[in-house]
Amino acid sequence: MKVLLTGATGYIGSAVTEHLVAAGHQVVALTRGAEPQPGRAWHAQLVGDTADPASLAGAVTPDIEAVIYLAPPSGDADVDTAVIEALATPLRGTGRPLVYTSGVWVLGATGEAQEVGEQTPTNPIDIVGYRPRIEQRVLAEAGEGVRAVVVRPGIVYGRGGGIPAILVDRARKQGAPEYYGEKDVRWPTVHVDDLADLFVTAVERAEAGTVWHGVGESAVPVRDLARAAGHAAGVPADPHAVPVEQAAEVFGPLFADALALDQSVSGAAARTALGWQPSRPGVVAELESGSYRQAG
Ligand SMILES: NC(=O)c1ccc[n+]([C@@H]2O[C@H](COP(=O)([O-])OP(=O)(O)OC[C@H]3O[C@@H](n4cnc5c(N)ncnc54)[C@H](OP(=O)(O)O)[C@@H]3O)[C@@H](O)[C@H]2O)c1
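A quick note: this is a predicted structure, and the numbers were derived from the prediction, not measured.

Can you help me understand the pattern of salt bridges in this one?
Any two side chains of opposite charge can pair if their charged atoms end up close together. Per the counting criterion, the structure on display carries 18 salt bridges. In this structure, Glu135 and Arg152 form a salt bridge, with 2.9 Å as the shortest nitrogen-oxygen distance. Here Arg152 lies in strand β6 (residues 147-153) and Glu135 lies in helix α3 (residues 131-140), a separation of 17 residues in the sequence. No difference in accessibility class separates Glu135 from Arg152, as the two residues are buried. Within the structure, one salt-bridge network assembled from shared partners comprises Glu85, Arg92, Arg137 and Glu141.

Have a look at this one:
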């Protein structure tokens, strides 16, 4: 398939590009800048800005067989709605896929519930406040003949990047590993290469109107993750808790709340129904002996 990919230069988008190409697809990257990016396995590069929906008019040409949306939200629900409109309209009646990237933070704190699934109602934390509405806007395109699909990744790790890299960096700078909020906080996680496999699978065969959790491990204790981040940073010590209010001074209140969010989220549906097989090391092993050590 010829796949239009927004966010193609990003952490997840870089991996998705590689996995799409390895599966025999062509990637048309939609980038904000026009400068060529040597070394990317893109078939073509288009300029467009998801903060400016008008710049996307004409991006989905008749030869585009799928769209994957991997850019961040703009912060303005009306703009994001217009972006979905611009990307989906040319796909109407074609049955071609539009895969939108959301995230597990739309579920909010999962509380006592274990391994929350895709049917659980959303309860977003503030940093992703209006994202469920964008999910619904995307899924509504299923009624217009678009194979509309939503993927909600957990906390993405691997290739030395993502939020775990922030913990490694902080541990190095502070001389000790830290985590945020309560000691029992758990994060659903996914390796970036496993997640990229899920995007390939979703674009190839997820049905219209479906939502999938991209989660490899449903609830990793963040204390274990922080301890492993300390190892990666060369500061093997017991991690200490940083109160959310204090974390807010470093990360801003919205991101601090997200880092302190306790979740247990299931990625079983994608395994069962789509045959997705996450196979990379878990986040603790990856931090202790994988890509993050090299980053240090
Ligand atoms: N990382 C995670 O743990 C995680 C978890 C759940 C969900 N997600 C979601 O996954 C998506 C991608 O995350 P990521 O971690 O890969 O982010 P990232 O590394 O920051 O990459 C963002 C990508 O979006 C592009 N972009 C930013 N603003 C844009 C705009 N106005 N117009 C067009 N392109 C724009 C960037 O391009 P430039 O090269 O121009 O900057 C870059 O390619 C986001 O929606 C994020 O919320 C991420």
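I keep staring at the sheet that holds strand β7 (residues 155-157) and nothing clicks. Help me out?
To summarise the sheet geometry, strands pair through backbone hydrogen bonds and adopt either a parallel or an antiparallel arrangement. Here three strands make up an open sheet; going across it, the order is β7-β9-β11 and the pairing mixed. Here the strands that pair on one side only, and so sit at the sheet edges, are β7 and β11 (217-221). Recorded for the sheet is a direction-independent mean angle of 50° between the axes of neighbouring strands. Alignment of β7 against strand β9 (residues 186-191), held across three bridges, turns out to be parallel. Bridging across to β9, Val156 finds its partner in Val190. Strands β9 and β11 of the sheet are contacted by helix α6 (residues 222-233), whose axis makes an angle of about 70° with β11.

How do you make sense of the side chain of His213 when you look at a structure like this?
Positionally, His213 belongs in strand β10 (residues 210-214). Under the relative-accessibility criterion, His213 is labelled buried at 0%. In terms of polar contacts, His213 uses its side chain to reach the side chain of Arg152, at 3.1 Å. Within the local environment of His213, its side chain forms a polar contact with the backbone oxygen of Ser266, the two atoms lying 3.1 Å apart. Beyond its immediate sequence surroundings of up to four residues, His213 is in contact with Leu107, Val116, Gly117, Glu118, Arg152, Leu198, Val265, Ser266, Gly267, Ala270 and Trp276.

I'm lost on the domain arrangement of the protein in this one. Help?
Taken domain by domain, the protein holds domain 1 (2-155 + 190-215) and domain 2 (157-189 + 218-295). For domain 1 versus domain 2, the separation of C-alpha centres amounts to 24 Å. Listed by partner, the interface residues are 36 residues for domain 1 and 35 residues for domain 2. Joining domain 1 to domain 2, the criterion identifies four salt bridges. With a closest N to O distance of 2.8 Å, Arg280 and Asp194 form a salt bridge. It is helix α5 (residues 192-205) that provides the largest number of residues to the side of domain 1 that touches domain 2, a total of eight residues. Residues that form the side of domain 1 that touches domain 2 fall into these classes: 18 nonpolar, ten polar and eight charged.

What exactly am I supposed to notice about the packing of helix α2 (residues 77-88) against α3 here?
To characterise two packed helices, one gives the angle between the axes of the helices and the distance between these axes. Two numbers describe how α2 lies on α3: the axes approach to 10 Å, and their chain directions differ by 20°. Here α2 lies roughly parallel to α3, going by the angle between them. Helix-helix and strand crossings are classified by hand; for α2 and α3 the assignment is right-handed. Here α2 contributes Ala77, Asp80, Thr81, Ile84 and Glu85 to the contact with α3, which in turn contributes Arg133, Ile134, Arg137 and Val138. Within the contact of α2 with α3, the residues separate by chemical class into four nonpolar, one polar and four charged.

Where do I start with the packing of helix α4 (residues 162-174) against α6 in this structure?
At a minimum axis distance of 8 Å, the contact between α4 and α6 shows a crossing angle of 60°. Considering the angle they form, α4 stands oblique to α6. Here the hand of the crossing between α4 and α6 comes out right-handed. Residues Leu167, Val168, Ala171 and Arg172 of α4 form the contact with α6, whose participating residues are Leu225, Ala226, Ala229, Gly230, Ala232 and Ala233.

In this structure, what is going on with the pairing of β9? I would like to understand it.
On a regular strand, one side chain projects to one face of the sheet and the next to the other, so that they alternate. With six of six residues buried, β9 lies mostly within the body of the structure. Here β9 shows two buried faces, one formed by Arg186, Pro188 and Val190 and the other by Trp187, Thr189 and His191. Looking at chain direction, β9 and β11 are connected through three bridges and run antiparallel. Directly across from Arg186, in β11, lies its bridge partner Pro221.

What's the story with empty space enclosed by the protein in this structure? I'm lost.
To locate leftover empty space, one rolls a probe as large as a water molecule over the atoms. Summed over the entire model, instances satisfying the criterion amount to one cavity of 30 Å³ or more. Roughly 30 Å³ of internal volume is contained in the largest cavity. The wall of the largest cavity is formed by Trp105, Ile155, Arg186, Trp187, Pro188, Ala258, Leu261 and Gln263. A per-class count over the lining of the largest cavity returns six nonpolar, one polar and one charged.

Rules behind the numbers
Residues numbered from 1 in each chain as written. Predicted model: local features only at pLDDT ≥ 70, side-chain atom pairs only at ≥ 80, totals over all residues. Heavy atoms only, no water. Salt bridge = Lys/Arg side-chain N within 4 Å of Asp/Glu carboxyl O. Helix = DSSP H or I, 4+ residues; strand = E, 2+ residues; numbered from the N terminus. Buried < 20%, exposed > 50% of the residue type's maximum accessible area, 1.4 Å probe, protein only. Pairing = 2+ DSSP bridges. Axes fitted to C-alpha atoms, helices over the stretch in contact; angles between N-to-C directions. Contact = heavy atoms within 4.5 Å. Polar contact = N/O pair within 3.5 Å; in protein donor to acceptor, adjacent residues only side chain to side chain. Domains from an automatic or database assignment. Nonpolar A, V, L, I, M, F, W, Y, C, P; charged D, E, K, R; others polar. Parallel < 35°, antiparallel > 145°, perpendicular 65-115°, else oblique. Left-handed = near helix turned anticlockwise from the far one by under 90°. 1 Å grid on protein atoms, 1.4 Å probe; cavity = no way out; pocket = protein on both sides within 12 Å on 5 of 7 lines; lining within 4 Å. Points joined across faces, edges and corners; volume = space filled by probe spheres on them.

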